[in-house]
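# Survey of secondary and tertiary structure
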Amino acid sequence: MMFEIRLATKNNMKQVHNLINELAIFEKEPDAVEVTVEDLITDGFGENPSFISFVAVEKEQVVGLALFYYRYSTWKGKTIHLEDLIVTESCRGKGIGKALLTEVIQYGYNEGVKRIEWNVLDWNTPAIDFYKSNGAKVLRDWDVVQLSEEGIKNYINRLNHANF
């Protein structure tokens, strides 16, 4: 292997941020990234980290990322949500994505989680094929539901102005 998989450090967060921006461009949302390098450092390496991340490093450059966190399923118990699995475009096809996914799965196995889950865009057929070929089940009967920061504020404002 020409690359190494290891836990990310604070010093990797600038390069991780670059990968996150690359992913946003790939997903056709180039202006969607609001998180900063400082946010990544604070949120990932503070007293109560919000996430864990592995990086793939090749020639001292971060070329891949797997960022995940714990969730809790009322049906299964402790689970992991893989937020992003990113490999820079120029390094795809080298086994980096599989190595990162394997590291997350090994971590989850060691932690005794009951499930590892993630989302994939329905048009990203290379990723879907990759996940299926590695034993993942792609659930087509679930929709992702989100409230944006603005949606949260609007919801709270409506609550505060409602006549109960």
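Presented here is an overview of the structure given in this document. (Residues numbered from 1 in each chain as written. Predicted model: local features only at pLDDT ≥ 70, side-chain atom pairs only at ≥ 80, totals over all residues. Heavy atoms only, no water.)

Taking 1.5 Å per residue as the helical rise, helix α3 (residues 96–111) with its 16 residues ought to reach 22 Å, and the 23 Å between its terminal C-alpha atoms agrees with that figure. Here the buried face of α3 lies against β1 (4–7), β2 (52–58), β3 (61–73), β4 (77–87), β5 (115–117) and α4 (125–133). G112 lies just past α3 and shows a positive phi near 75 degrees. (Helix = DSSP H or I, 4+ residues; strand = E, 2+ residues; numbered from the N terminus. Expected span 1.5 Å × (residues − 1). Contact = heavy atoms within 4.5 Å.)

Of all hydrophobic cores here, the largest spans 20 residues; its most connected members are I5, L82, L85, I96 and L100. Elements represented by at least two residues in this core include exactly β2, β3, β4, α3 and α4. Not counting chain neighbours up to four residues away, the residues in contact with L85 comprise L65, A66, G97, L100, L101, F130 and Y131. Membership of the second largest hydrophobic core comes to 15 residues, among which are M13, L23, V55 and I86. (Core = buried A, V, L, I, M, F, W, Y, C linked by side-chain atoms within 4.5 Å. Buried < 20%, exposed > 50% of the residue type's maximum accessible area, 1.4 Å probe, protein only.)

Enumeration over the complete set of coordinates arrives at five salt bridges. Among the salt bridges present, the one from K78 reaches E111, with a minimum N-O distance of 3.9 Å. Taken together, the residues span a long stretch of sequence, with K78 in strand β4 and E111 in helix α3 at a distance of 33 residues. Under the relative-accessibility criterion, K78 is labelled partly exposed at 35%. (Salt bridge = Lys/Arg side-chain N within 4 Å of Asp/Glu carboxyl O.)

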